Each structure stands twice: as structure tokens, then as C-alpha cells.
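# A closer look at the structure
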Amino acid sequence: MSNQSQKKPQTAITPTREENYAEWYQQVVRAADLAETSPVRGCMVIKPWGWSIWENVQRGLDGMFKATGHKNAYFPLFIPLSFLEKEAEHVEGFAKECAVVTHHRLEAGPNGGLVPAGPLEEPLVVRPTSETIIGATFAKWIQSHRDLPLLINQWANVVRWEMRTRLFLRTAEFLWQEGHTAHATAEEARAETMQMLDIYADFAENWLAMPVIRGEKTEGERFPGAVETWCIEAMMQDRKALQAGTSHFLGQNFAKAQEIQYQDDAGNREFCWTTSWGVSTRLIGGTIMTHADDDGMICPPMVAPAHIVIQPVLHKPEAKAEVMAFCDRLIEQLRTKVYGGRVVEVEYDTRDIRGGDKTWQWIKRGAPIRLEIGPRDVAEESVFMARRDKGPKEKESLKASDFVERVPQILQEIQDGLLAKATAFRKEHTRVIDTKEAFYDFFTAPETGENQPAPIHGGFALAHFNGDPALEEQIKNDLAVTVRCIPLDGQGLCDDEGEPGTCPFTGEPSAKRVVWAKSY
């Protein structure tokens, strides 16, 4: 075999996914110009291309929230320590992650620097989540059954002190939305919890093209203070699970701690039933790890900052005016088209840099469609189109008028194709497992050389479980594997979905198969 045939394909991102998935992810974030680390340890700077994806996430979800009767509000960043202390299980769950403000000013120190001064009477916790501060507000807003249900959402930042960070996936400060609702009955609160879970699944699959499994968390993975935690779980390309969103039925735990009561129509004072639910900028990390390849990001058209990038090809100065005028007319026509509820967005790249460099920048950023337009295309009234879901050298010439008419259809083809590909990947790496030996084999990494990252292995295992938290902890310690969720029936995960069986670890009865995986 010749040396030429032995050469591995050249890629824009090194290392590749197979060589070192964790480092590949960091390089994609950098090459796609999505975000960068900041001077503040554990925090990130979200760059314009990444911020635009988040804006589109916000736009899509905000519309879904408002369509189901929710209204936006904003609550304080600082939470008095005493508020957290009212809900013991809640504060215990977040205590190790809290950032705390203890002083209210700075003064000149003895060595010329600044030192904190003016101790606060009560320390303030920088918001890790807002159940307690919003609960205190709900207690004022709710007096009568006529004030219910109360359906509130806030878009905000939160701080959870993280020692090991990864851009978009785990940072000390991150952006999210958190919904908080209060209801007169448990049934209404449970219905709200499930409605929001369905909205998250709908958004993940139809906007992010990221297939998810809906299910309930086990006791060990439940949100601190919640009665039930429901989640959506997605498989990334390293076959690990990403918890992409959660919806919590809080029962009356927080209502009792925060005195959230209403007077029913018989004049009795009753505690409300509450919920909370949230997704964060982690969705961007999930989108990267679901779709990106060894050439960079692939943006699902529904959240792409720009649907189309137009690159004029200007080799001869005398052709410039004609090419630019053609591009201007084309952009005007494209902006009359609508895709995914917004006008088709076009990025017109007229920068004076090499065409190849420009092309690879947009490939790495993941723009869904690129058009190259030169004098020959103008003469033929055509465009030279490349799609990001195909190879970088796969291009086709289309009549400009045909392309304009077909743009929404082409974008939807890309969107649907990304979801189909990710769904097929999850199916390929999901196993029904019935013995402890097969389970441990599935999740044990193949041996590698010294200082080499573990090869991609495992996936989702559908196995029975007796529900014992101690057993789950033992498996976590052995394999770094946890129950990602107890899946809702009807998702077509396996042939005996929802049927009882035997726990392969203990031989004890099991109500149904659960989803096991390594996770982020």
C-alpha cells in the first residue's frame, strides 16, 4: 500500500473525535468562534456567533412558554442566607456550590491594595437557583384561589461554584431560564410538570435536532427538595448522556417553607403545590456534541445565527460591480422568505481575505448553506451551493430563482437530516442488557497506552433495576455509570418497554427497564 493511501483524511479540527473527544470539543468551540475562557476562573465569554444561537434558543422557548400561559418576570440575584436555611434538603444540595457575599464595600488596605470592608448583617448567596427568593415573593402575591395558577418564568444568570469547568457544559456562571409555578391542587402541579417536560422535548428535537428520552430521575439524582424530578436525556457522540433539561414537581415542600398559602372558596387557608423547571446554555454544548464533526460545528437551521452565507468570488476587479449587484439583488429576494418563524437570515461576507480561508471559517462555524458567486454564476443567473451537512467538496450549481424558492425546503431537509442521523446514532449505541457481566463489559473502557484518553465506548443500556440507591451508588463507583432516567412508556426504546422483569445485579423484581449511562 502506498504512503498516499495510508494518509488519514485531513480535518479542520485536531484532534478528531475518535482521537480525543474531550479536546475535540474544546477545539470545536474555539474554531467555531462560539465562546472563550475569561479572566475570571470558571466563567466564559460567549462570542457573537454563540450568543446568536442562545438568542434563537431564547426566542423559541419563550414563544412556547407564552403560548402555554406563562409570563416573564425578574427576581434578585442575591438571596439572603436565611431564605436557603428554611428548606434544609434544598440548602444541603447546593451548599458546596454557593458563592457568598459578606461585605458591601472596598477600602484601601495597608499595602496599597483594596480590602473588603463593611460586613453585611446577613450574608447574601449569589443565586444558584431561585426557588427560595421566588417563593417568598409568591407568598405575597398569592392570597386567594383566584390568584392561581401563578405561572412565572425568568431568564437569568446563576452561579454554582465549579472546580472543573468546560465551556457551555459546566461553568461557575451560566445562563438559563427557570420557570416557577403555584397551583391549588397536586394534580394541576403534576400536569404542569409534565407539560413543561414535553415542551423541552419538543424544543430539543424540533429546534436543536437532538433526540431525547423523557423520564423520571431516581431518588439519588432528584433535585434537592423535590418530590419528583423529570428530565430529558440525550446521547452525545461519545455515547455519554447529557441531561438537557429538568422539570420538578415540588409538592408542598417549598410552599410550607416559604408560607405560600391561598384561601380556598370555603374560606380555608391551604398550602400551594409548586413546580420549577429549567434549561440552560448547556443546550448549546449538547447541540455541538450531537452534530459537530471533525471539520467543526454544524448548526441546526432552526437556531443557526445565519441560514446562508454568501461569498462573492472576485478574481478580476472589473467584474466586482456586476457580482456585488447580483449578490445584493439575491439577498433582497432571500429576505422575503421565512423559515422556522423568522425571515431567512443572510451573512454577506465581503471581507478582503483569501477565499479558501473564508470558506473554512464558515465550515467551522457550521453555517447551514454557503453560496459562492462569481462572474460565471452571474452570467448564468445561478449560484454555487454547499451544504454543511454534506462534505466540503460536495457543491452544486442551481438557478438563482430556483434556489430562492427552495430555500425553506432545503433548510428543512438539513434540519430533518440532522435529527434522523442523531436518532440513528442513539439507536445504534443503545443495548438491552440482562446480565451483570454483559452490563459491566458494555461500560468498561478498552485498555489504552499510558496518558492516553479512554476510547469512545459504551452507550445507553436498558436494564432492569430494583430501585436501591445503595446499588446505584455502587455501580457509580465501579463504572462511573448512573441511572439517567426511568423512561416514560411509549418512546419505542425496546420491545418489552414498561414491562416488569428481574434486576440483573440482585435477582430481585424490577418494575421496568431504566436507562443507564455515563454522563456529563
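For the structure, check the block above.
Calculation criteria
Residues numbered from 1 in each chain as written. Predicted model: local features only at pLDDT ≥ 70, side-chain atom pairs only at ≥ 80, totals over all residues. Heavy atoms only, no water. 1 Å grid on protein atoms, 1.4 Å probe; cavity = no way out; pocket = protein on both sides within 12 Å on 5 of 7 lines; lining within 4 Å. Points joined across faces, edges and corners; volume = space filled by probe spheres on them. Helix = DSSP H or I, 4+ residues; strand = E, 2+ residues; numbered from the N terminus. Nonpolar A, V, L, I, M, F, W, Y, C, P; charged D, E, K, R; others polar. Core = buried A, V, L, I, M, F, W, Y, C linked by side-chain atoms within 4.5 Å. Buried < 20%, exposed > 50% of the residue type's maximum accessible area, 1.4 Å probe, protein only. Contact = heavy atoms within 4.5 Å. Pairing = 2+ DSSP bridges. Phe/Tyr/Trp six-rings, centres within 6.5 Å; stacked < 30°, edge-to-face > 60°. Lys NZ or Arg CZ within 6 Å of the ring centre and 35° of its normal.

Here the focus is the layout of surface pockets. Size it by volume and the largest pocket reaches roughly 1400 Å³. Lining the largest pocket are 45 residues, and of these Glu97, Arg160, Arg170, Glu221 and Gln243 sit closest to its centre. Listing elements by their share of the lining of the largest pocket, those giving two or more residues are helix H5 (88-94), strand E8 (173-183), strand E11 (241-251), strand E14 (273-280), helix H15 (469-479) and strand E24 (482-487). Partitioning the lining of the largest pocket into residue classes produces 13 nonpolar, 14 polar and 18 charged. A volume near 890 Å³ is recorded for the second largest pocket. It is helix H2 (residues 21-31) that provides the largest number of residues to the lining of the second largest pocket, a total of 3 residues. Broken down by class, the residue content of the lining of the second largest pocket amounts to 10 nonpolar, 7 polar and 12 charged.

The subject of this paragraph is the nonpolar core. Across soluble globular proteins, nonpolar side chains show a tendency to be buried alongside one another. Leu61, Phe168, Ile288, Ile310 and Phe403 are the most contacted members of the largest nonpolar core, which totals 86 residues. Residues within four places of isoleucine 310 in sequence aside, it is in contact with Cys327, Leu330, Ile331, Leu334, Val346, Glu347, Tyr348, Asp349, Leu371 and Ile373. Residues Val125, Ile152, Leu250 and Phe254 belong to the second largest nonpolar core, which totals 24 residues.

Here the focus is the pairing of strand E9 (residues 213-216). Remark: a regular strand shows side chains that alternate across the two faces of the sheet. As paired strands, E9 and strand E10 (residues 228-235) are joined by 4 bridges and run antiparallel to one another. Across the sheet, the residue bridging to glutamate 216 is tryptophan 230, located in E10. Relative to E24, E9 is paired through 2 bridges, and the arrangement is antiparallel. Counted as the bridge partner of glycine 215 is proline 487 from E24.

Turning our attention to the packing of aromatic side chains. Throughout the structure, instances matching the rule amount to 18 aromatic pairs. Where phenylalanine 174 meets tryptophan 176, the ring centres are 5.9 Å apart and the plane angle is 90°; that geometry is what we call edge-to-face. What makes phenylalanine 174 buried here is its relative accessible area of 14%. Among the residues examined, tryptophan 176 registers a relative accessible area of 10% and is labelled buried. In this structure an aromatic cluster arises from ring pairing among Phe439, Tyr440, Phe442, Phe443, Phe465, Phe505 and Trp516. Across from the ring centre of tryptophan 49, 5.6 Å away, lies the NZ or CZ of arginine 365, which sits over that ring.

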